[in-house]
Amino acid sequence: MKTLLPTSTAGSLPKPSWLAEPETLWSPWKLEGEELTEGKQDALRLTLDDQDRAGIDIVSDGEQTRQHFVTTFIEHLSGVDFENRQTIKIRNRYDASVPSVVGAVTREKPVFVEDARFLRTLTKKPIKWALPGPMTMIDTLYDGYYKSREKLAWEFAGILNKEARELEAAGVDIIQFDEPAFNVFFEEVNDWGIAALEKAAEGLKCETAVHICYGYGIKANIDWKNALGAEWRQYEEIFPKLQSSSLDIISLECQNSRVPMDLIELVRGKKVMVGAIDVATHTIETPEKVADVLRKALRFAEADKLYPSTNCGMAPLPRHVASGKLRALSAGAAIVREELTR
Ligand SMILES: [Zn+2]
């Protein structure tokens, strides 16, 4: 990227209310058939327009064409039975009724490639596209077939790699894997989680990112965060291994979080997407508050490796709040950019 401190969002953005129920995760579609296809494309235009108007440098689809960041991808695979549901604990945190793996998992056709191709026709800016990471995928399923988290993660990594290569061919500039599960299962992350992620990113010539956050601003996540104590040192367990991994960019959560910023030092040399926007509050950050986080991050990352971003996805926020936060992100980054080039 040529721009210093290029801004981007970590994930989802709110959908228009005619497409899906607003301020809701997993919101069902309000359209169907041809109308839904067209509606999703219209939403892609709108979310791109919102990002453009806010001055975001690296744009995304805002996850307008998916109901959920993990489930929608899995729905496109065979070997998973969505009727046969089991209740499991997600990230050791909350119970959810999830689909079952009942056979070999395979991707019969591309999942997001058409959407990416469409977005590519609409903009000249760099595009970042998010996919779920292998470990977060397995953590959203009951597995009655492989009966091994590692084996299933490895299968998903192969599937993700095919999708990622086709997204790259469609003109995507950065492929981001979402791995909130990395903040929970440290031993597995170091044993095979990062290796599975590298397999998902294998052979890509575009940039690759891993987004590791403390989750959307839903109650189960907020309660969990409140129980984590004065300092959130989860990243400390996994950053050393990520530092030596093949991934180019590490995305972490820093605004209003209790993550000690010096942990960024552990991935020195990598690009860091620093979350400078809190997605768990409707309060819109002042540009100065955004700039403050970025200045702190600059103590541990080189300026040309700092990518200002949001803590996580903003799908559950009202649209005007999300837009305001995008503008605050741009304005905050502009303050620090000016200071750096003065
Ligand atoms: Zn996130």
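Residues numbered from 1 in each chain as written. Predicted model: local features only at pLDDT ≥ 70, side-chain atom pairs only at ≥ 80, totals over all residues.

Under an unreviewed UniProt entry, the name given to the protein chain is Methionine synthase, and the source organism is Acetobacter thailandicus. What the UniProt record of the protein chain gives under Cofactor (unreviewed entry) is the line "Zn(2+)". (UniProt positions renumbered as here; feature names shortened; annotations may be inferred.)

Draft legend 1. Highlighting the overall build of the protein chain. Of regular secondary structure, the protein chain possesses 10 helices and 9 strands. Over its C-alpha atoms the protein chain spans a radius of gyration of 19 Å, differing by no more than 12% from the 20 Å that the globule rule assigns to 342 residues. Here the protein chain, with 342 residues, has 46% of them falling under the buried criterion. Sequence separation of at least 24 residues holds for 78% of the intrachain contacts in the protein chain that already meet a minimum separation of 6. (Helix = DSSP H or I, 4+ residues; strand = E, 2+ residues; numbered from the N terminus. Rg over C-alpha atoms; globule rule 2.2 N^0.38 Å. Buried ≥ 20, exposed ≤ 12 C-beta atoms within 10 Å, placed from the backbone. Contact = placed C-beta atoms within 7 Å.)

Draft legend 2. The arrangement of the pairing of strand β7 (residues 249–253) in detail. When you tally the buried positions in β7, you get 5 out of 5 residues, the bulk of the element. By the alternation rule, side chains of β7 split into I249, S251 and E253 and I250 and L252, which are all buried. Across 3 bridges, the pairing between strand β6 (residues 207–211) and β7 is parallel. The residue of β7 that forms the bridge with H211 is S251. (Pairing = 2+ DSSP bridges.)

Draft legend 3. The arrangement of the sheet that holds strand β9 (residues 306–309) in detail. Pairing is parallel across the open sheet formed by 6 strands, whose spatial order is β3-β5-β6-β7-β8-β9. Strands at the two margins of the open sheet, each flanked by one partner only, are β3 (128–132) and β9. Averaged over all adjacent pairs, the angle separating strand axes in this sheet is 25°, with direction ignored. Pairing of β7 with strand β8 (residues 271–275) involves 5 bridges; the strand directions are parallel. (Axes fitted to C-alpha atoms, helices over the stretch in contact; angles between N-to-C directions.)

Draft legend 4. Examining the nonpolar core more closely. The biggest cluster of nonpolar side chains holds 97 residues, and the ones touching the most others in it are W129, F156, V272, V274, V290, L294 and A297. With 8 residues, the single largest contributor to this core is helix α5 (residues 149–169). Setting aside residues up to four positions removed in sequence, V290 forms contacts with A276, I277, E285, A328, L329, G332 and A333. (Core = buried A, V, L, I, M, F, W, Y, C linked by C-beta atoms within 7 Å.)

Draft legend 5. Broad picture of the sheet that holds strand β4 (residues 142–143). With mixed pairing, 3 strands are arranged side by side in an open sheet as β1-β2-β4. Looking along the sheet, the strands with just one partner apiece sit at the ends: β1 (77–90) and β4. Relative to β4, strand β2 (residues 94–107) is paired through 2 bridges, and the arrangement is parallel. Each bridged residue has a counterpart across the sheet, and for V101 the counterpart in β4 is D143. Docked against the sheet, α5 engages β1, β2 and β4, running at close to 70° with respect to β2.

Draft legend 6. View of the pairing of β8. Within β8, 5 of the 5 residues are buried, which leaves the element mostly enclosed by the surrounding structure. Of the two faces of β8, the one holding K271, M273 and G275 and the one holding V272 and V274 are both buried throughout. Sheet analysis places β8 next to β9, joined by 4 bridges and oriented parallel. Bridge assignment links M273 to a residue of β9, and that residue is Y307. One crossover worth recording links β8 to the parallel β9 by way of helix α9 (residues 287–297), and it is right-handed. (Right-handed = clockwise from strand over helix to strand, strands pointing away.)

Draft legend 7. Up close: helix α10 (residues 319–341). Between its first and last C-alpha atoms α10 spans 33 Å; for 23 residues at 1.5 Å apiece the expected length is 33 Å, and the two agree. Those residues of α10 that sit buried are A322, K325, L326, A328, L329, S330, G332, A333, V336 and R337. Packed against the buried residues of α10 are α1 (33–53), α9 and β9. (Expected span 1.5 Å × (residues − 1).)

Draft legend 8. Structural view of the packing of α5 against helix α6 (residues 186–200). Running from N to C, α5 and α6 cross one another at 25°; their axes reach a closest spacing of 7 Å. As the angle between them shows, α5 and α6 are arranged roughly parallel. Crossing hand, α5 versus α6: right-handed. Of α6, the residues touching α5 (which contributes R149, E150, A153, W154, A157, G158, L160, N161 and A164) are E188, W192, A196, K199 and A200. Considered class by class, the residues forming the contact of α5 with α6 number 8 nonpolar, 2 polar and 4 charged. (Parallel < 35°, antiparallel > 145°, perpendicular 65-115°, else oblique. Left-handed = near helix turned anticlockwise from the far one by under 90°. Nonpolar A, V, L, I, M, F, W, Y, C, P; charged D, E, K, R; others polar.)

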